[in-house]
Amino acid sequence: MFGPPGSGKGTQAKLLKNHLGWPHISTGDMLREHVQAQDELGIEIAAVMKSGQLVGDDLANRLVETRLERPDVEAGLILDGYPRTVQQAAWMSKLLDRKDFRPVVAHLKVDYNKIVARLSGRRVCPQCGALYSLAFNPPRVSELCDNDGSRLMIRDDDREEIIRRRLEAYDRQTLPVLGYIRDAGISYHEVEATDGAPARIAQRICEILPE
Ligand code: AMP
């Protein structure tokens, strides 16, 4: 899943996971697990994430490489938020080649102004990880999780000033990955994701997958 922060990659990855039964591998979620554990690495990562910058390529690559060693990826997997730099893209190609996997890239295209509105209305359950959007998918009871009643949180990096910094990092460091994808001949598809129900967008993504 390729696209700017707030383009709905996480939401789409969760829908696809339910539909295809493939694991959802999100480097952002793996990094947040370290932050929650408050280990030494977690403290370092928290500072980078809060600033809206990217963590180092070596760390992101290592997380994905270790995750791909688990047997549940054999039928297929959904990468969300990775690769985010050209260096990561080259690493990903090497990892997937080794397993004889052929990536299909879904690039979610979303208007940046909508992203700012969307992300600043995003809420997450600290307990079960459910995602809500005040505009499109609000919880039944204001600020409480539908699944377990926990008080919903705003991620530190979903604050407006940080969102703009994340979009800048995306333009500068992640968009060049498209050049890599083109040069490497990787299957690439643009998916219009500014408007429309998440289920409809997920359907568009399913249509680009090989049989
Ligand atoms: P996400 O949940 O995918 O929006 O990621 C949240 C934050 O985690 C990003 O703003 C980065 O600071 C960091 N991050 C996630 N994935 C990567 C990656 N592949 N490379 C570098 N930093 C990442």
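See the structure above.
First things first, this report covers the structure right here in the doc. (Residues numbered from 1 in each chain as written. Predicted model: local features only at pLDDT ≥ 70, side-chain atom pairs only at ≥ 80, totals over all residues. Heavy atoms only, no water.)

### A word on the overall build of the protein
- Check the secondary structure of the protein and you find 9 helices and 6 strands.
- Computed over the C-alpha atoms, the radius of gyration of the protein is 17 Å, within 12% of the 17 Å expected from 2.2 N^0.38 for a compact globule of 211 residues.
- Along the first, second and third principal axes, the C-alpha atoms of the protein reach 45 × 40 × 35 Å.
- Here the protein holds 211 residues, and 44% of them are scored as buried.
- In the protein, once contacts between residues fewer than 6 apart in sequence are set aside, the share between residues at least 24 apart is 69%.
- Looking at the protein, you have 29 positive and 31 negative side-chain charges, and the mean spots of the two groups are 3 Å apart. (Helix = DSSP H or I, 4+ residues; strand = E, 2+ residues; numbered from the N terminus. Rg over C-alpha atoms; globule rule 2.2 N^0.38 Å. Buried < 20%, exposed > 50% of the residue type's maximum accessible area, 1.4 Å probe, protein only. Contact = heavy atoms within 4.5 Å. Lys, Arg positive; Asp, Glu negative; His and termini not counted. Charge placed at Lys NZ, Arg CZ, Asp CG, Glu CD.)

### Points about the site of the ligand
- The immediate surroundings of the ligand are formed by 16 residues, with T27, R32, Q53, R84 and Q88 found nearest.
- Between a nitrogen atom of the ligand and a main-chain N or O atom of G81, the distance comes to 3.0 Å.
- In this structure, R84 approaches the ligand through a side-chain N or O atom, which is 2.9 Å from a nitrogen atom.
- In the complex, 96% of the free accessible area of the ligand, which totals 480 Å², lies under the protein chains.
- At 4 residues, the largest contribution of residues to the shell around the ligand is made by helix α2 (residues 27–37).
- Grouping the amino acids of the shell around the ligand by side-chain chemistry returns 6 nonpolar, 5 polar and 5 charged. (Near = heavy atom within 4 Å. Polar contact = N/O pair within 3.5 Å; in protein donor to acceptor, adjacent residues only side chain to side chain. Areas by Shrake-Rupley, 256 points an atom, 1.4 Å probe, with all protein chains shown as cover. Nonpolar A, V, L, I, M, F, W, Y, C, P; charged D, E, K, R; others polar.)

### Digging into helix α7 (residues 160–174)
- Spanning 15 residues, α7 covers 20 Å between terminal C-alpha atoms, matching the ideal 21 Å at 1.5 Å per step.
- All of the buried residues along α7 are I162, I163, R166, L167, A169, Y170 and T174. Around the axis of α7, the buried residues are gathered within 160 degrees of arc, so they sit on the same side. Across α7 from its buried face, at more than 90 degrees, point the exposed residues E161 and R172.
- Where α7 is buried, its residues contact α3 (40–50), β3 (104–109), α6 (112–120), β4 (122–124) and α8 (177–183). (Expected span 1.5 Å × (residues − 1). Arc of directions from axis to C-beta.)

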